[in-house]
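These are the residues of each chain, in order.
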Amino acid sequence: MKRFEQNKPGSLTGIFVVLLLLVPLLNWGQDSINGEDFQYRLLQNIHQQVFEYPWNDATFSPGKLELANRQTMKRQLKDAKEYAHNPDAFEAYFSVFDHLPAPDKAIFIKSFWFYQPEIKSELIESGLSEDLQYLPATLSAFNSEAISSFKRAGAWQLTHFQGVLNGLQINKLVDERLNVSKATQAAVKELKKNEALFDHPKKAMLAFVFGKTEIKNLCRHAGGDVCSVNELLAVAPKEMTDFMAAYQATAAFLSQNKFVPEQEPQKTAESIVRLQTHFDQISAVLPVSTEELHFLNPQFPYYIIPEQASLTLPEKMKQDFLFLQDSIYNGVDSTLFEVLAQKIEYPPAPNRQYVGEKVKDLEIEGKTKIKYTIKSGDVLGFIAEDYDVRVADLKYWNNIYDERKIQAGKTLDIFVDDENAEYYSGLQQETAKKEEPKTVVPNFASATLPGIVIPESSKKVEHIVKSGESPYVIAQKYDGVTPEKILEWNSISDARKIQIGQKLIIYVQ
C-alpha cells in the first residue's frame, strides 16, 4: 500500500473539547443508540482500527487516498450547511472529521470506500436511497466489532431483535451482526420496513436508530400521525438533531474524500465446516493467518466455527481446505475449545473497551482475580501465556487499547480458574526467587541433569510442545507432574521461552 497522503494531524485534545461542547448528558431508551458517549465512541472506533488487521497491513488493498483540498472542503461546508437541519452542530461535526489525525482520517476514509460498493448495491437493489450508505459510517466508523453499552453490535449497530427478526444468527458462538455483509442485508431489510411505515428515507433511518415508537410519538407531538422530517426534527430532542447533524457531516466529508484502490478486492469463497473448528487449526495447515480468518469471518468472535457453519476463505484456498479437511480437523489441541468456551461466559457483553471507559467492579463467575506487577521487558503475549489467558482478555480486563504502552511497575488484573488460583497467585513470586541448590542423586541421571532429584521408579518420556501449550497445560496431561518440575527437569529458568516443537523431558511415576 502506498503511503497515505497526510494533512497536518489535528490535536485529539482539541477534538474532545469540541465534542464536550456537543455532548449533553442524555438518557436514551434501551432500544436506541446511547447518546451520552456516541461522539466519543465514534472517534474511538475510528482510532481503534489503526491497530487492527487488515488496516495496519501494508499489503492489504493498495491504493491512493484522494483528499479534497482546503478550498473545496470550505466550499462543501458552506453549501452543505444550507441544507443541514442543525447548521452549528453540522459544522462542529464536520470540523471533527476534517481535523482527525492523519492515520485515523486515512483509515476512516479507506474503510468506507472498501465497503461502499457492496452497501450501495444492496440499497439500490432494495429501492432505498443511496444516501443511507453513510449511516454505518456515522454509527460505527465501520468498526465491525463495535458493541455499544445497550448491546447494539457491528458496523450497523443492530439490536439483537433487529438482527434476529431480519434473518441473522446470534448465539454464544456466532453473532452475524459483526459480519458487514450479513449485517448490511439485515439492516437494508429493516430500513425497507421502516420506509414502508414512515414513507420517507430519513424518517426510516431515524426509526432504525431511535426506534419506531419514538418516531411515531414525535410525529403525534408535531401535530398528527403524518409529519414531514422538518416538523419531526422541530420537536425532536437534542440527541436526535445532533445525530442528524453527525450523519449529514459524515456524508459531506466522505463524499469529498475518497480512496481509489489499485486492484480488485480479494475474491472469496464459502465452504461448510463439517466439525467444530478453531481458526488456529486452519492456520496451522493453510497459509492464512488467524487475523485474516477473523477479518473474513468476524461473526465468530471466539475464533470457533460451529459444526455445519459456513466459513469464508480466500477463493484460491477453498480447494486446499476441502482436500486437507481431515488434517485440519485432526489437529486439535485438547485445551483449544475448553479455554475459549470459558471466555464466552465473561460479562459484560462487549469484547473491547474504549480509552477512558473503566471496567466497573468486574467479577466473573468461577474466576479469581489476581494482581500481576509488570516487569521491565514484559509484553502482554508472554504474560498471557504464563497465565493461560488471551491477550484480548488482558486488554479488556485492564482497559488497554495499545499494548505497547504498558509500563513496568504497574499492575494488571488477571482472572484465573478458582481451582488454579493458588498456583497462579504464587507464580510471580516463584519466578522471582533465586534458584535454590538441589540435592544430587548420583545414581540416576546425574550426568545429564546435575542437581536434579528424580525418583528411581520414574519413567522418562519426551513431550513435543504444541501450539497453545504452557508448562501448566502440559503438566495437566501427566499424573504427579507439576509445572515447576517440568522447568526443573529441562533446566528452563523462564517458562515463556519454551517453543512450539521443542522436546521436553518428563518423568512420570
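Residues numbered from 1 in each chain as written. Predicted model: local features only at pLDDT ≥ 70, side-chain atom pairs only at ≥ 80, totals over all residues. Heavy atoms only, no water.

Would you mind going over the overall build of the protein chain with me for this structure?
When helices and strands are counted, the protein chain shows 22 helices and ten strands. Of all 509 residues assigned to the protein chain, the portion counted as buried reaches 51%. In the protein chain, of all internal contacts separated by at least 6 residues, the share reaching a separation of at least 24 is 71%. Per element, the accessible surface of the protein chain, about 25,400 Å² overall, is 51% carbon and sulfur. (Helix = DSSP H or I, 4+ residues; strand = E, 2+ residues; numbered from the N terminus. Buried < 20%, exposed > 50% of the residue type's maximum accessible area, 1.4 Å probe, protein only. Contact = heavy atoms within 4.5 Å. Areas by Shrake-Rupley, 256 points an atom, 1.4 Å probe, with all protein chains shown as cover.)

I keep staring at the side chain of Gln 133 and nothing clicks. Help me out?
Structurally, the position occupied by Gln 133 is in the loop between helix H5 (102-125) and helix H6 (135-140). The exposure class of Gln 133 is buried, given its relative accessible area of 6%. With residues near it in sequence (within four places) discarded, Gln 133 still touches Phe 112, Gln 116, Ile 119, Lys 120, Leu 123 and Phe 142.

Help me understand the packing of helix H4 (residues 87-98) against helix H12 (residues 238-256) in this model?
Packed helices, taken two at a time, are described by their axes: the angle between them and the distance between them. Direction vectors running N to C along H4 and H12 enclose 45°, while the axes themselves pass 8 Å from each other. Relative to H12, H4 is oriented oblique. For the pair H4 and H12, the sense of crossing is right-handed. Where H4 approaches H12, its residues Ala 89, Phe 90, Tyr 93, Phe 94, Phe 97 and Asp 98 are matched on the opposing element by Asp 242, Ala 245, Ala 246, Gln 248, Ala 249, Thr 250, Ala 252 and Phe 253. The class makeup of the residues in the contact of H4 with H12 is ten nonpolar, two polar and two charged. (Axes fitted to C-alpha atoms, helices over the stretch in contact; angles between N-to-C directions. Parallel < 35°, antiparallel > 145°, perpendicular 65-115°, else oblique. Left-handed = near helix turned anticlockwise from the far one by under 90°. Nonpolar A, V, L, I, M, F, W, Y, C, P; charged D, E, K, R; others polar.)

Looking at this structure, I do not really get H12. What am I missing?
Compared with an ideal rise of 1.5 Å per residue, which puts 19 residues at 27 Å, H12 spans 27 Å between its outermost C-alpha atoms and is within 8% of the ideal. H12 sits mainly inside the fold: 16 of its 19 residues count as buried. (Expected span 1.5 Å × (residues − 1).)

I'm lost on the nonpolar core in this one. Help?
Phe 90, Phe 108, Leu 135, Trp 156, Leu 206 and Phe 208 are the most contacted members of the largest nonpolar core, which has 76 residues in total. Top element by residues in this core is H12. It accounts for eleven residues. Dropping the residues within four chain positions of it, Phe 208 is found in contact with Leu 135, Leu 139, Arg 152, Trp 156, Leu 158, Gln 162, Ala 187, Glu 190, Leu 191 and Asn 194. In terms of nonpolar packing, the next biggest core, distinct from the first, is built from 23 residues, Leu 362, Tyr 372, Ile 406 and Tyr 424 among them. (Core = buried A, V, L, I, M, F, W, Y, C linked by side-chain atoms within 4.5 Å.)

Please clarify how the packing of aromatic side chains should be interpreted in this entry.
Two aromatic rings are characterised by how far apart their centres lie and by the angle between their planes. Counted under the stated rule, the structure contains 25 aromatic pairs. Seen from their ring centres, Phe 114 and Tyr 115 are 5.0 Å apart, and the 85° between their planes marks the pair as edge-to-face. Note on Tyr 115: relative accessible area 10%, which makes it buried. The rings of Tyr 53, Trp 55, Phe 60, Phe 112, Trp 113, Phe 114, Tyr 115, Tyr 134, Phe 142 and Phe 295 are connected pair by pair, giving a single aromatic cluster. (Phe/Tyr/Trp six-rings, centres within 6.5 Å; stacked < 30°, edge-to-face > 60°.)

What's the story with the confidence of the model for the protein chain in this structure? I'm lost.
Caution applies to low-pLDDT regions: their predicted coordinates should not be interpreted in detail. When the pLDDT values of the protein chain are averaged, the result is 78; 81% of them are 70 or greater. Predicted confidence is poor over residues 434-451, with pLDDT under 50, and the contacts of this stretch with residues over four places away or in other chains come to 20 contacts. (pLDDT = per-residue confidence, 0-100.)

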